[in-house]
Amino acid sequence: MKNALQKYHIYILALGLLLGFVIYLLFYFSSFVFIKTEPDIIIWINLHKSNYLLWLIDLIPILTILASEIIFNLIKNKDKLSELYQIELTKKKKIFKLLQLLKTEKYIISTSEITKDETNEVLIYNIQEKLLNDNSKKSITQKEDEIRHWKSTGIVQIGEILRTEQENIELLSTKILYFLIPYLNAQQGGIFLVDSKNNNLKLAASYSFNKERMQKKYFDFGEGLVGACAIDKKTLFYSDAPFDFYKISSGIGSANPQSVLIIPILLNSQIEGVIEIASFYKIDPYKIEFVENLSEKIATSLQIISSNLTTKALLKTAQEQSEILAQKEEELLNTIIEIKETQEKAHIQSQEFEQFADAVNIAMIRAECDKDGSIVFANQSFLKPMLFEKFEEVEKRKIWSFADEINVAKLKEIWNKCIIDHIPFEGEIKYLNQKGEDVWLYSTIVPKKSAIGEVTSLILLASDITLEKQKSLNDRAQLAAINLSLMRAELSYQGIVLDCNERFAKNLKMQTSQIIGNNITKLVSQDKIDLLVLMFEKIKAKNTYRGIMEFVNSDGDTKWFQGAAATVKDDKGEILKIIYIASDISEQKILEIEAIKQAEILKVQDQQLLESQAILETKLEETRAEMILQFKEIETIKVRNELTLEGMLDAILTFNQDGTIVFFNRAAEDLWGYNKKEIIHQNIKILFSENSISSDDFVQRMVNPNMDKRISVRQEILILTKDQIETSVLVLISQAEVSNSKTYTAFVQNIEMELF
């Protein structure tokens, strides 16, 4: 009976979940059809920012699950009421019979008439014991109801704060803190949020901090209790506060707190901040648990509120039914009739559930694992994305064997929590298929219980969202790349800056807080406002704009941004905002302006050059004529000198600074045995032996272009004739330099002839 009831319970919840997702998906896709655009998660998120009613649409799956739970409890309560009615009717008959026997002084009751244990004394004792137990349970229930009501009220008020404040993190933190501290009957508190830029924890909000306490606004990871909590990611509670803890101050004095509670704010096991609470009184465990749940579930506070309200309504309905049962027993007959009708409907629904289960098995990914995580069932929808063909290939494999090293621990944690807390899990999980490729499944993991309430296995229902997830990751990466490489700003229809990235603010030498909320006309010079208004008109008319915009930074300098703007519209075609993306081209623009100025200067200089050119050409012609006359004179002198040298008795040769022979007179021909044609343009080394070049410093300097020659020094050396005969001669070298070009003339005398 219990097993069938559990199956029926799962069926009702699954039916409600499926119905909710179908309604949600229909609304999701119809919204994009209405606004005539492709489904895009970024657009869907932006629509949430502009229309808060969409947040209620997101709750549809939860509302349908809660409605399914209410229907199931109503049916279940009717079954229980019918059973209780039969038991109470039997007991009342027995008690009535007992009273009749007591009235007639028949104290002995036949065991065939009542059960063995139901003697007069036992019956009276049982009645008394039952009354005592009912009172005790009522007291415990009342206390639990008070605690539950306290938690529900706190969650409702926190949910209202979260719903109404979605713009400013510090203001939101302050509102949460100013509600939470009095609500916990505490006296001091603070919220520290992770500052990713400085890699530390920054004080975002405080309650009753004194001047000394306010001076410490930053904590490194691991520093103090706040930093330690951020590192360990675990709650720290001290019922006897450390002696050096900050004191709680008031107008009449100060004192150390008795209790200190430090709770990490975690999102997907990632530390986001720390809540610190100090109190003069001991903080009850249920209050600690309340704060822990609050820190973990702020993102799902609306769901928790809805769940608490529904639970309260169910409790009220159950109490009313119990009162009606005690006062009007005759109404049970009608209830029994209704129960029978409900059972008939349940039978029909059971058949429908079997059909639904078959449809789910075809349309969704489904798998079942034992408590150890071993797969005991998997349908084809599970095998296909994992690249398996047969169930036998995955049978008895651990479900986390399909996850990478990072997600194995996460999946095991989810698995153990479902088994221990009996709480289903719903969310995205990344798996790896047989090729090691990422497979993203939006998974619902539900514990399957035995008749005694023990978890025997876990059922996995999922849908493949790999393509959507990859697109989402790509979109996030592209947005991150834009924020790193380009400037981005979001403007309202009226030109108010709704948001901008750090790069946009940095190029204007401002903080984002100085820009957001102001009209963009404050970022341009007065003479450019008309151009900016014209640009807005173009955007409204054509929905896009591309071009250069001039801004003014905080120093008053002009900045040129090359970019594009596009509108974002709602489903009615109204402009929600304008997205502007640009790059800073100020340096290029300044260079362009400078180039224009330089071009003007060059134009003037060019005119001056043209005027000077005519003068220079005239002077050049005059100079050219003078040079021609000078060259003729030089050539005449050169010929005269060569003829003079040619007729000298001493051998004379001239070579340039590279060692190339350029003049060789007749006496030199006789001395060496070479004629002019053989020796001109040859290197001077041909006139000396290798031994003479290497051993005689004078000869070595004479033939080496890189060494200084011995000028005006008469030296006896050995020369090498054409017949390879070494002859002693006297040599004197003179140097001539014209236009940094050196030539050397060697005067050579044959010693034998001179002696003769």
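All values derive from a computational prediction rather than experimental measurement. The residue numbering used here restarts from 1 in each chain and proceeds along that chain's sequence as written. At least 70 in pLDDT is required for a residue's local features to be given in this predicted model, at least 80 for side-chain atom pairs to be given and counted, and no such filter applies to totals for whole chains, interfaces and linings, which use all residues. No hydrogens and no water enter the side-chain calculation; it runs on all heavy atoms of the structure.

### Description of the side chain of Asn750
Rules: A run of H or I in DSSP becomes a helix once it reaches four residues, and a run of E becomes a strand once it reaches two; helices and strands are each numbered from the N terminus. When checking whether two residues touch, look at their non-hydrogen atoms; a contact exists if any pair is within 4.5 Å.
Tracing the chain through its elements places Asn750 in strand 23 (residues 741-750). Excluding anything up to four places from it in sequence, Asn750 contacts Leu671, Thr727, Ser728 and Val729.

### With respect to helix 13 (residues 405-421)
In plain terms, the rule: Each helix should span, by expectation, one fewer than its residue count multiplied by 1.5 Å. Burial classification: accessible surface area is computed with a 1.4 Å probe over protein chains only, and a residue below 20% of its type maximum counts as buried, one above 50% as exposed, and the rest as partly exposed. The arc refers to the directions leading from the helix axis to the C-beta atoms.
Under the 1.5 Å per step criterion, the end-to-end length of helix 13 is 25 Å for 17 residues, consistent within 8% with the ideal 24 Å. Asn407, Val408, Leu411, Ile414, Trp415, Cys418 and Ile419 are the residues of helix 13 that are buried. An end-on view of helix 13 places all buried positions within 135° of arc, on one side of the element. Of the exposed residues in helix 13, the ones pointing more than 90 degrees away from its buried face are Glu405, Ile406, Ala409, Glu413 and Ile420. In this structure, the buried residues of helix 13 make contact with strand 9 (365-370), strand 11 (425-432), strand 12 (438-449) and strand 13 (455-464). Positive phi shows up at His422, right after helix 13, with a value of about 60°.

### Observations concerning the nonpolar core
To be explicit about the condition: Throughout this description, the term nonpolar core refers to a set of buried Ala, Val, Leu, Ile, Met, Phe, Trp, Tyr and Cys residues connected via side-chain atoms within 4.5 Å.
Grouped together as the largest cluster of nonpolar side chains are 30 residues, with contacts concentrated most on Ile375, Phe382, Ile399 and Tyr431. If one sorts the elements of this core by residue count, helix 13 sits on top with six residues. When residues no more than four places from it in sequence are discounted, the contact partners of Ile375 are Glu368, Cys369, Phe382, Phe391, Val394, Glu395, Lys396, Arg397, Ile399 and Phe402. Of all hydrophobic cores here, the second largest spans 27 residues; its members include Ala667, Phe698, Val703 and Ile717.

### Observations regarding the confidence of the model for the protein chain
For clarity, the threshold we go by: The pLDDT value tells you how sure the predictor is about a given residue, anywhere from 0 up to 100.
Put simply, the protein chain has an average pLDDT of 79, and 82% of its residues get 70 or more. The secondary-structure element of the protein chain with the lowest mean pLDDT is helix 23 (residues 751-755), recorded at 56, while helix 22 (residues 697-703) shows the highest, at 91. Across residues 105-121, where pLDDT falls below 50, the model places 17 contacts with residues more than four positions away in sequence or in other chains.

### A short note on the sheet that holds strand 3 (residues 218-220)
Just so we agree on the cut-off: Two strands make a pair as long as DSSP finds a minimum of two bridges between them. Angles shown run from 0 to 180 degrees and are taken between the N-to-C directions of axes, each axis being a line fitted to C-alpha atoms and, for helices, limited to the stretch in contact.
Spatial strand order, 3-2-1-8-7-4: six strands in an open sheet with antiparallel pairing. A single partner strand is all that each edge strand has here, and the edge strands are strand 3 and strand 4 (236-238). Taking the axes of each pair of neighbouring strands and ignoring which way they run, one obtains an average angle of 20° across the sheet. Lying on the sheet, helix 6 (residues 169-183) is in contact with strand 1 (188-195), strand 2 (200-207) and strand 8 (270-279); it crosses strand 2 at an angle near 55°.

### Points about a negative patch on the surface
Stated formally: Surface patches are defined over residues having more than 30% relative accessible area and no salt bridge, joining like charges when they lie within 9 Å and nonpolar side chains (Val, Leu, Ile, Met, Phe, Trp, Tyr) when within 5 Å. Accessible areas in this description were obtained via Shrake-Rupley with a 1.4 Å probe; residue shielding takes into account the shown protein chains only. Criterion for a salt bridge: a side-chain nitrogen of Lys or Arg within 4 Å of a carboxyl oxygen of Asp or Glu. Only four residue types enter the charge count, namely Lys and Arg as positive and Asp and Glu as negative; His and the chain termini do not. We put the charge of a Lys on NZ, of an Arg on CZ, of an Asp on CG and of a Glu on CD.
Taken together, Glu389, Glu392, Glu393 and Glu395 make up a surface patch of like negative charges. According to the relative accessible area criterion, Glu392 is exposed, its value standing at 57%.

### Side note on helix 6
Counting along an α-helix, one turn takes 3.6 residues, and residues three or four places apart therefore face a common direction. Here helix 6 contains 15 residues, and its C-alpha end-to-end distance of 21 Å stays within 8% of the 21 Å for a straight helix at 1.5 Å per residue. Those residues of helix 6 not exposed but buried are Ser173, Ile176, Leu177, Phe179, Leu180, Ile181 and Tyr183. Positioned one or two residues after helix 6, Asn185 has a phi angle of 60°, which is positive.

### So, the environment of Asn77
With respect to the helices and strands, Asn77 occurs in helix 4 (residues 60-103). The partly exposed category is assigned to Asn77, whose relative accessible area is 26%. Separated by 262 residues in sequence, Asn77 and Ile339 have C-alpha atoms that sit 9.7 Å apart.

### Observations regarding the packing of aromatic side chains
Which entries qualify depends on this criterion: Stacked, edge-to-face and tilted labels apply to pairs of Phe, Tyr and Trp rings (six-membered ring for Trp) whose centres lie within 6.5 Å, assigned for plane angles under 30 degrees, over 60, and everything in between, in that order. In this analysis the charged atom, NZ for Lys or CZ for Arg, is taken to sit over a ring once it is within 6 Å of the ring centre and within 35 degrees of the ring normal.
Applying the stated criterion to the full structure yields 16 aromatic pairs. Ring geometry for Tyr183 versus Phe290: centroids 6.1 Å apart, planes at 45°, classification tilted. Of this pair, Tyr183 sits in helix 6 while Phe290 sits in helix 9 (residues 285-297), placing them 107 residues apart in sequence. Residue classification places Phe290 among the buried residues on the basis of a relative accessible area of 2%. Of the aromatic side chains, those joined through ring pairs into one cluster are Trp150, Phe179, Tyr183, Tyr286 and Phe290. Against the face of Phe219 rests Lys216, its NZ or CZ located 5.1 Å from the ring centre.

### A short note on the sheet that holds strand 20 (residues 661-664)
A sheet is described by the order of its strands in space; here five strands give the open sequence 20-19-23-22-21, paired in antiparallel fashion. Each end of this open sheet is capped by a strand with a single partner; those strands are strand 20 and strand 21 (715-720). Here the average twist between neighbouring strands, direction ignored, is 35°. Pairing between strand 19 (residues 651-656) and strand 23: six bridges, direction antiparallel. The partner of Asn656 across the bridge, within strand 23, is Thr743.

### Observations concerning a nonpolar patch on the surface
Together, Ile41, Ile42 and Ile45 make up a nonpolar patch on the protein surface, roughly 220 Å² of accessible area in all. As for its placement among the helices and strands, Ile45 is situated in helix 2 (residues 41-50). A relative accessible area of 41% means that Ile45 is categorised as partly exposed.

### Notes on the pattern of salt bridges
Going through the model one piece at a time under the given rule, you end up with 15 salt bridges. A salt bridge links Lys371 to Glu454; the shortest N-O distance between them is 3.6 Å. Here Lys371 is found in the loop between strand 9 and strand 10 (375-378), whereas its partner Glu454 is found in the loop between strand 12 and strand 13, with 83 residues between them in sequence. A relative accessible area of 34% places Lys371 in the partly exposed class. By relative accessible area, which is 41% here, Glu454 ends up partly exposed. One salt bridge in this structure joins Lys509 and Asp555, with 2.8 Å as the shortest N-O distance. Note that Lys509 is positioned in the loop between helix 15 (502-507) and helix 16 (512-515) and Asp555 in the loop between strand 16 (544-552) and strand 17 (558-569), a separation of 46 residues in sequence. Relative accessible area serves as the criterion here: at 49%, Lys509 is assigned to the partly exposed category.

### With respect to the pairing of strand 1
In terms of burial, strand 1 is a largely internal element, six of the eight residues being buried. When strand 1 meets strand 8, the two strands line up antiparallel, connected through six bridges. Note on strand 8: the bridge partner recorded for Ile191 is Ile275. Where strand 1 meets strand 2, seven bridges bridge the pair, whose relative direction is antiparallel.

### A look at unusual backbone geometry
A positive phi is found at Ser712, a non-glycine position, where the angle reads about 60°. Topologically, Ser712 is positioned in the loop between helix 22 and strand 21. Its identity is not glycine, yet Gln724 carries a phi of approximately 65°, on the positive side. Summarising the element assignment, Gln724 is placed in the loop between strand 21 and strand 22 (726-738).

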